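Residues per chain, in single letters:
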Amino acid sequence: MLVLAKWLSAAVIAAIVGPSQTLTDDVATPTTRGGVAGAALDFPAAPAFPAAPAPASLAHAAKGSAGHAKGAIVLDFDDVSAPCNFVQTTPLRTEYAAAGVSFLGRKPMDGGAILDECSNFSVSGYSSPNFLAFNSAVSYVAGGLATTPEILRFASPRSHVELGFASPFAGTFVMVAYNANGTVIASTSMAMSSVMQTATVQATGIVRVVFYTNSSWLVVDDLVAS
Ligand SMILES: [Ca+2]
């Protein structure tokens, strides 16, 4: 966690997901969000990922329960008709704002997109047919990469956020929760698997969650935030 903490230094966190920034500002001003001129606001060079916990400690390996708390945000991404390929779509942004959560990438055009399982990510355990997909080597037609980190902003504070994640490739999945002051209040780090696992962060006052991976492919699905 020391490496993670160093990477996600307070200054970097504030610059990327600071509470003073608005969603519009983040998307509209690339020079303040990791462009060449704004290198100081970018993530530092990718560090070695923290060691993943041993499988025996993966307390959240089972999928979330079906019974959700009143007022919970529950997204399975299966309510839309999604394409098979990133070139046919754009990164997820405010499509679920009415449900209480918006999505951002590190850079204005970066981030995951909802794809149909015909995208052939070779993972299992998601809710069919769609999921939020990432491939760090793929560019969107309009620019930007289908890569993490992915930022989730909640319209009202949450105390429990969980989501399923998987990749056919080895790697580590990291999820970090922040309060309205931009302070890290919970985090989790888990080894990747091709079978969906559930990552959970719990703390009072979660307004922002960032997840990222060093695996080139990532599938995320079944978000619950209560
Ligand atoms: Ca789904």
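These figures come from a predicted structure and were not determined experimentally. (Residues numbered from 1 in each chain as written. Predicted model: local features only at pLDDT ≥ 70, side-chain atom pairs only at ≥ 80, totals over all residues.)

Here's the deal with the overall build of the protein
Phase 1 of the analysis: What the protein contains, in helices and strands, is three helices and 10 strands.
Phase 2 of the analysis: Ordered by position from N to C terminus, the α and β elements of the protein give α-α-α-β-β-β-β-β-β-β-β-β-β.
Phase 3 of the analysis: In the protein, 76% of the contacts between residues at least 6 apart in sequence involve partners at least 24 apart. (Helix = DSSP H or I, 4+ residues; strand = E, 2+ residues; numbered from the N terminus. Contact = placed C-beta atoms within 7 Å.)

Quick word on the environment of Gly205
Phase 1 of the analysis: Secondary-structure assignment places Gly205 in strand β9 (residues 197-213).
Phase 2 of the analysis: The exposure class assigned to Gly205 is partly exposed, which follows from the 14 C-beta atoms found within 10 Å.
Phase 3 of the analysis: Taking the C-alpha atoms as reference points, Gly205 and His160, separated by 45 residues in sequence, lie 9.3 Å from one another.
Phase 4 of the analysis: Look past the residues within four positions of Gly205 in its chain and what remains in contact with it is Pro157, Asn179, Ala180 and Ile185. (Buried ≥ 20, exposed ≤ 12 C-beta atoms within 10 Å, placed from the backbone.)

Focus on the environment of Thr213
Phase 1 of the analysis: Mapped onto the secondary structure, Thr213 falls in strand β9.
Phase 2 of the analysis: As for Thr213 and Val174, which are separated by 39 residues in sequence, their C-alpha atoms are 6.2 Å apart.

Section: unusual backbone geometry
Phase 1 of the analysis: Note the cis peptide between Ser128 and Pro129, where omega equals 10°.
Phase 2 of the analysis: Omega for the peptide link from Thr148 to Pro149 comes to 5°, which places this bond in the cis form.
Phase 3 of the analysis: By the secondary structure assignment, Pro149 is in the loop between β5 (145-146) and β6 (150-166).
Phase 4 of the analysis: The phi dihedral of Ser122 falls on the positive side, at around 60°, and the residue is not glycine.

Notes on the nonpolar core
Phase 1 of the analysis: Ranked by internal contacts, the top residues of the largest apolar core, which has 50 residues, are Phe131, Ala133, Phe165, Phe173, Met175, Val209 and Val219.
Phase 2 of the analysis: Mapped by element, the contributors of at least two residues to this core are β2 (101-105), β3 (113-116), β4 (130-139), β5, β6, β7 (172-178), β9 and β10 (217-225).
Phase 3 of the analysis: Per-element accounting of this core gives the leading share, eight residues, to β9.
Phase 4 of the analysis: When neighbours within four sequence positions are excluded, Phe165 is seen to be in contact with Phe173, Met196, Gln197, Ala199, Leu218, Val219 and Val220. (Core = buried A, V, L, I, M, F, W, Y, C linked by C-beta atoms within 7 Å.)

Let's talk about the confidence of the model for the protein
Phase 1 of the analysis: Per-residue pLDDT for the protein has a mean of 80; in total, 71% of the residues score no lower than 70.
Phase 2 of the analysis: Predicted confidence for residues 1-48 stays below pLDDT 50, and this span has 52 contacts to residues more than four positions away or in other chains.
Phase 3 of the analysis: Within the model, pLDDT remains below 50 along residues 50-65, and this stretch shows 27 contacts once partners closer than five positions in the same chain are excluded. (pLDDT = per-residue confidence, 0-100.)

Some details on the pairing of β2
Phase 1 of the analysis: For β2, the tally of buried residues reaches four of five residues, placing the bulk of the element in the interior.
Phase 2 of the analysis: Note that β2 and β6 share five bridges and pair antiparallel. Paired with Val101 across the two strands is Phe154, which belongs to β6. (Pairing = 2+ DSSP bridges.)

Examining the pairing of β7
Phase 1 of the analysis: The element β7 is extensively covered by neighbouring structure, given that seven of its seven residues are classed as buried.
Phase 2 of the analysis: Neither face of β7 is left uncovered, since the one carrying Thr172, Val174, Val176 and Tyr178 and the one carrying Phe173, Met175 and Ala177 both have all their residues buried.
Phase 3 of the analysis: In terms of strand pairing, β7 meets strand β8 (residues 184-191) through seven bridges, oriented antiparallel. The partner of Val174 across the bridge, within β8, is Ser189.
Phase 4 of the analysis: The sheet contact formed by β7 and β9 spans six bridges and is antiparallel. Residue Ala177 lies in a different strand from β9, and its bridge partner there is Val209.

Remarks on the environment of Leu92
Phase 1 of the analysis: By the secondary structure assignment, Leu92 is in the loop between β1 (73-75) and β2.
Phase 2 of the analysis: Given 21 C-beta atoms within a 10 Å radius, Leu92 is considered buried.
Phase 3 of the analysis: C-alpha of Leu92 to C-alpha of Ile114: the two residues are 22 residues apart in sequence and 6.8 Å apart in space.
Phase 4 of the analysis: The contacts of Leu92, once residues within four sequence positions are left out, are Phe103, Gly111, Gly112, Ala113, Ile114 and Leu132.

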